Each structure stands twice: as structure tokens, then as C-alpha cells.
Amino acid sequence: MTVLNDSKRRSWLGEWIAVCCAVVGLQVTASVLPGTTPLWVSPTALFWIVVVAASLCVVSSAAVVVVAARGDLAEVGLLGAFAMAISALPLVHGITVPGIIYGPNDATMSSIFWALPVASLALLPLVAPRSAIGKATLRNWRSFVGIHLTASLGLATALLVHPSLLPFPKMSSPVAIGAAVASLSVCGLLSARQLRLAWISRSSCTRPSRW
């Protein structure tokens, strides 16, 4: 088996940093520069594109959770819960597009804004797996995933019933900045953890030796 050397580690680390910087840079640019927010002329097109795409993601996320439950795969289950929340709330965004089923409402934007913060809560046990809370959660991960799924799907349903339930803060407000920083930090820490696991296992950058 080939051992991952230091040069290869540095290469992977450089690529990881480049991708992270690109993602954060695009988010900041889209939030700050004028004229970077997409404008949909056809509400009908937006409705069908988002509803169909988000519905497929919800079904796929549910399949991941089922596979995790059958195989007792805690990490897969937590990632499935994350995917479910970040799919169900954007589905609300599509359903509540003004001019199709609903009129002007807050849920169209608030569902998108709160999707990542709510979904990121499912990843907290993976960010600190050795902590007392992390260990306890991973031991009882099915209950944790069940609670998170109930909360995220319940929130999605509540927004459909009461579209003004959650506010949509301005992008420059302390709430928006705090939620963005916290969510990106959780995702960044998890990404770094996955990179470290890849280094340890060498599964993504080695091949079996030929005899």
C-alpha cells in the first residue's frame, strides 16, 4: 500500500484551501456587490425548477437516513439529517414563490436564509466527536437525528402554514452575519475533519499494491 507523503498532503491541503476561499469569496461577492443577485422574470419557471430539484433532494436525503438507520452508520445519519434540512427548507422557498400559490410573503426568502443554520445543527456532534456531548450524541444518534428531522420538517411545514413566522434579516445585520459565520465555521470544521480522515485512511489517494 502506498503511503501518503508530505508533498501529497500539501497538495491536497492547498486544493482544500483554494476551494474554501473560492466558496467564501463568491458568497461575500454576491452579498456585497450590487447587481449580483439573480432576478427571475418568470415566477412559474422558478417555482417548477426549485420544487422539482428540492423534492428530489428530499427523497434522496430520506434514502440516506434509511440506509444509515439500517446499517447503524451514525455519521451517515447525521449527514442525511443535514441534507434533509438543507433540502426541505429550499423546497419551501420554491413552493412560496409569489404569484403561483402564495402572494407576497416572507417565507420565500426566510426559508433560504435559515436553511444552512438549521441544517448545520445536525453536524455539531461531528465537529466535536470527542467531547462529552459529542460522544453522548453519537451513542444515541438515531434519537438526535429524529429530533433534528422533526424540527427541520416541522419548521418547513410551519412556514407553509404561517409564511411570516420567521423574519428575513438584512444581509448586513448582526443576525445575518452571525448566522453566516457560525454556519460556515461548522461546515469548514467538518470539511477539515473529512480531509484529515482521508489522510489517515489514504482511501482517496492510494491504490492497492500489485503483487
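Owing to the predicted nature of the structure, the values given are computational and were not obtained by experimental measurement.

Trainee: Sorry, what's going on with the overall build of the protein chain here?
Mentor: Helices and strands together make up the secondary structure of the protein chain, namely eight helices and zero strands. Helices and strands appear in the protein chain in the N-to-C order α-α-α-α-α-α-α-α. Here the protein chain holds 211 residues, and 32% of them are scored as buried. Sequence-distant contacts, at least 24 apart, represent 73% of the contacts inside the protein chain between residues at least 6 apart. In the structure as shown, the protein chain presents an accessible area of about 12,800 Å², 71% of it carried by carbon and sulfur atoms.

Trainee: Sorry, what's going on with a nonpolar patch on the surface here?
Mentor: A contiguous nonpolar patch, built from Val64, Val67, Leu73 and Val76 and spanning about 270 Å² of accessible area, is present on the exposed surface. Of note, valine 67 is situated in helix 2 (residues 43-71). The class of valine 67 is partly exposed, set by a relative accessible area of 48%.

Trainee: Would you mind showing me how to read the environment of alanine 122 here?
Mentor: Tracing the chain through its elements places alanine 122 in the loop between helix 4 (107-120) and helix 5 (124-127). With 22 residues separating them in the primary sequence, alanine 122 and phenylalanine 144 have C-alpha atoms 8.1 Å apart. Not counting the four nearest positions on each side in its chain, alanine 122 is found in contact with Leu78, Ala81, Phe82, Phe144 and His148.

Trainee: Is there a simple way to explain the pattern of salt bridges in this structure?
Mentor: When their charged atoms lie close together, side chains carrying opposite charge are able to pair. For the structure on display, the rule yields one salt bridge. A salt bridge links arginine 142 to aspartate 72, with the shortest nitrogen-to-oxygen separation between them at 3.3 Å. A residue pair is termed long-range when its members are at least 10 positions apart, and arginine 142 in helix 7 (residues 141-161) and aspartate 72 in the loop between helix 2 and helix 3 (74-95) qualify at 70 residues. Look at arginine 142 and you get partly exposed, because its relative accessible area is 43%. Take aspartate 72: its relative accessible area is 48%, and that puts it in the partly exposed class.

Trainee: Looking at this structure, how should I read the nonpolar core?
Mentor: Soluble globular proteins: nonpolar side chains tend toward being buried together. Formed by 33 residues in total, the largest nonpolar core has its most connected members in Leu89, Leu91, Leu123, Val145, Leu149, Leu155 and Leu159. For this core, the secondary-structure elements that each account for two or more residues are helix 2, helix 3, helix 4, helix 7 and helix 8 (174-201). Of all the elements, helix 3 adds the most residues to this core, at 11 residues. Among residues more than four places away in sequence, those in contact with leucine 91 are Val51, Ala54, Ser55 and Val58.

Trainee: Please clarify how the packing of aromatic side chains should be interpreted in this entry.
Mentor: Aromatic rings considered in pairs are described by the distance between their centres and by the relative angle of their planes. In total, this model carries two aromatic pairs according to the counting rule given. A ring pair is formed by phenylalanine 47 and tryptophan 48, whose centres lie 5.1 Å apart and whose planes are at 85°; its orientation type is edge-to-face. Relative accessible area serves as the criterion here: at 51%, tryptophan 48 is assigned to the exposed category. Relative to tryptophan 114, the ring of phenylalanine 113 lies with its centre 4.8 Å away and its plane at 90°, an arrangement referred to as edge-to-face. Classification of phenylalanine 113 by relative accessible area gives buried; the value is 13%.

Trainee: Mind showing me how you'd approach the environment of proline 90 here?
Mentor: With respect to the secondary-structure elements, proline 90 resides in helix 3. A residue is classified by how much of its surface remains accessible, and proline 90, at 17% relative accessible area, is buried. Beyond its immediate stretch of four places on either side in the chain, proline 90 contacts Val50, Ala54, Ala85, Ile112 and Ala115.

Trainee: Looking at this structure, I do not really get helix 3. What am I missing?
Mentor: Since one α-helical turn is 3.6 residues long, residues separated by three or four positions face the same way. Between the first and last C-alpha of helix 3 there are 32 Å, a value that for 22 residues agrees with the 32 Å anticipated at 1.5 Å per step. Where burial is concerned, most of helix 3 is hidden: 17 out of the 22 residues are buried.

Rules and cut-offs
- Residues numbered from 1 in each chain as written.
- Predicted model: local features only at pLDDT ≥ 70, side-chain atom pairs only at ≥ 80, totals over all residues.
- Heavy atoms only, no water.
- Helix = DSSP H or I, 4+ residues; strand = E, 2+ residues; numbered from the N terminus.
- Buried < 20%, exposed > 50% of the residue type's maximum accessible area, 1.4 Å probe, protein only.
- Contact = heavy atoms within 4.5 Å.
- Areas by Shrake-Rupley, 256 points an atom, 1.4 Å probe, with all protein chains shown as cover.
- Patch = residues over 30% accessible without salt bridge, like charges linked within 9 Å, V, L, I, M, F, W, Y side chains within 5 Å.
- Salt bridge = Lys/Arg side-chain N within 4 Å of Asp/Glu carboxyl O.
- Core = buried A, V, L, I, M, F, W, Y, C linked by side-chain atoms within 4.5 Å.
- Phe/Tyr/Trp six-rings, centres within 6.5 Å; stacked < 30°, edge-to-face > 60°.
- Expected span 1.5 Å × (residues − 1).

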